[in-house]
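Structural overview for review
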Amino acid sequence: MKPEAMSVRKLPRKVHFGMGIISRTRFFMNWLLHRQSQACIACGTLTGRFSEYAGICTTCSVQIPWIYKIRCVHCGRPTFCPDCVRPVRSARYYVCNRSATSYTPMMREWIGQFKYRGNEKYASALGEIMNRAYRAMRHEFAGDVHSVLNRSLWSVDIVTCVPVSETRLTERGFNQAQVLAEEIAKRNKLPFVPLLARPQDTGKQSFKTKKDRISTMDNAFAVIPDMAELLKSLVLKADSRYTSDRIQSATVLLVDDIYTTGSTLQACARVLGEKAAEQGVHLAIFCLTLARS
Ligand SMILES: [Zn+2]
Ligand SMILES: [Zn+2]
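Report on the accompanying structure. Counting of residues starts from 1 at the beginning of each chain's written sequence and follows it residue by residue. In the order they appear in the text, chains get letters beginning with A and ligands get numbers beginning with 1. A pLDDT threshold of at least 70 governs which residues receive local features in this predicted model, and a stricter bar of 80 or more applies before side-chain atom pairs are shown or counted, although totals over entire chains, interfaces and linings include all residues.

A few words on the pairing of strand S6 (residues 281-292). Using C-beta atoms placed from the backbone, we call a residue buried if 20 or more other C-beta atoms fall within 10 Å of its own, exposed if 12 or fewer do, and partly exposed for counts in between. Labels follow the DSSP assignment, with helices taken as runs of H or I lasting at least four residues and strands as runs of E lasting at least two, numbered in each case from the N terminus. Counting buried positions along S6 yields 10 of 12 residues, so the element is predominantly enclosed. Any two strands with at least two DSSP-identified bridges between them are counted as paired. Bridge analysis of strand S1 (residues 96-102) against S6 gives six bridges, and the strand direction is parallel. Looking at S6, one finds that Thr-101 is bridged to Ala-291. The sheet contact formed by strand S5 (residues 248-259) and S6 spans 11 bridges and is parallel.

This is the structure in structure tokens:
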């Protein structure tokens, strides 16, 4: 028996055939919406087979270009990295970056749908992709090794994100990096704190050369006015478990959507690290990005 035939037979005859025009339209609309909700958000195929990434069908999910093997331990590149082997390399203000996937045309489309077209349906799926990369990161740095105090040797104290300017925020209505950071924080019961601000708009990075990007990035970010108090209260809470040192330290996870040259993360980590140090707090900043171009 065909599935359509089954569903029609399941309906009580008098309801189906004796309905007025309004009820029939409502019935049809509900049926249409139900069918629509069965469609993959990426390819639009009506499917009953969804992956663990909300709204993404199994066919699309197997095409996610995961970065499994990291060749550059600094920036998380899966291939030979000419940037990080350069002998005269500028100082790095973050420990390292890890990206969930490569920036393939498919990822560009998914991120574009989410970031520029405000398609909120992607938030959960991209959040889960990020979360998988976070779990891999935890495995890489902490493994199963615990200290004598039964505290993992690597754990994140604060999740924060790369900020967008007020203009961009008004334009888009949300900060895509913040949505991703909050997804990680929520799934791992970690505090999300927006520690950074972007006072000046540096324009669209994608239209600039590498050199231009680095120079405009230098003063693009600032810490939020009450960063010191926020940081201290969080660090004290996290630190009281295992240390009585006067110098306090914290591990920060800095989240963004795309890693291109690393200059955005570099500028954020620099201002964050320097301002925290002024308060006597040493930050170990680890970056996590959705896609690596
Ligand atoms: Zn699909
Ligand atoms: Zn590298």
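With that out of the way, let us pick up the nonpolar core. In this structure, Met-130, Leu-254, Val-255, Cys-268 and Leu-272 are the most contacted members of the largest nonpolar core, which totals 60 residues. Looking at this core, the elements that each hand over two or more residues are helix H5 (105-115), helix H6 (121-141), strand S2 (158-161), helix H8 (176-188), helix H10 (227-239), S5, helix H11 (263-278) and S6. In this view, Met-130 contacts Ala-100, Leu-180, Glu-183, Ile-184, Leu-288 and Leu-290; residues no more than four positions away in its chain are not counted. A set of buried Ala, Val, Leu, Ile, Met, Phe, Trp, Tyr and Cys residues, joined through C-beta atoms within 7 Å, is what we mean by a nonpolar core. Working definition of a contact: two residues with C-beta atoms, positioned from the backbone, lying within 7 Å.

One non-glycine residue, Lys-189, lies in positive phi territory at about 50°. Mapped onto the fold, Lys-189 is located in the loop between H8 and strand S3 (196-197).

The next subject is the packing of H6 against H8. Interaxial distance between H6 and H8 falls to 9 Å at its minimum, and their mutual angle equals 65°. For the pair H6 and H8, the crossing hand works out as right-handed. Along its contact with H6, which presents Ala-123, Leu-126, Gly-127, Met-130, Asn-131 and Tyr-134, the element H8 presents Val-179, Leu-180, Glu-183, Ile-184, Arg-187 and Asn-188. Its residues assigned to classes, the contact of H6 with H8 shows seven nonpolar, three polar and two charged. In this analysis an axis means a line fitted to C-alpha atoms, helices contributing only their contacting stretch, and an angle means the value between N-to-C directions, from 0 to 180 degrees. Crossing handedness: left-handed means the near helix sits turned counterclockwise from the far one by under a right angle, and right-handed means the same turn made clockwise. Three classes are used: nonpolar for Ala, Val, Leu, Ile, Met, Phe, Trp, Tyr, Cys and Pro, charged for Asp, Glu, Lys and Arg, and polar for all others, with Gly counted as polar.

Attention now goes to H11. Under the 1.5 Å per step criterion, the end-to-end length of H11 is 23 Å for 16 residues, consistent within 8% with the ideal 22 Å. Residues of H11 that are buried: Ser-263, Thr-264, Leu-265, Ala-267, Cys-268, Ala-269, Val-271, Leu-272 and Ala-276. A positive backbone phi angle near 80° is found at Gly-280, which sits one or two residues after H11. Given the number of residues in a helix, its expected span is that number minus one, multiplied by 1.5 Å.

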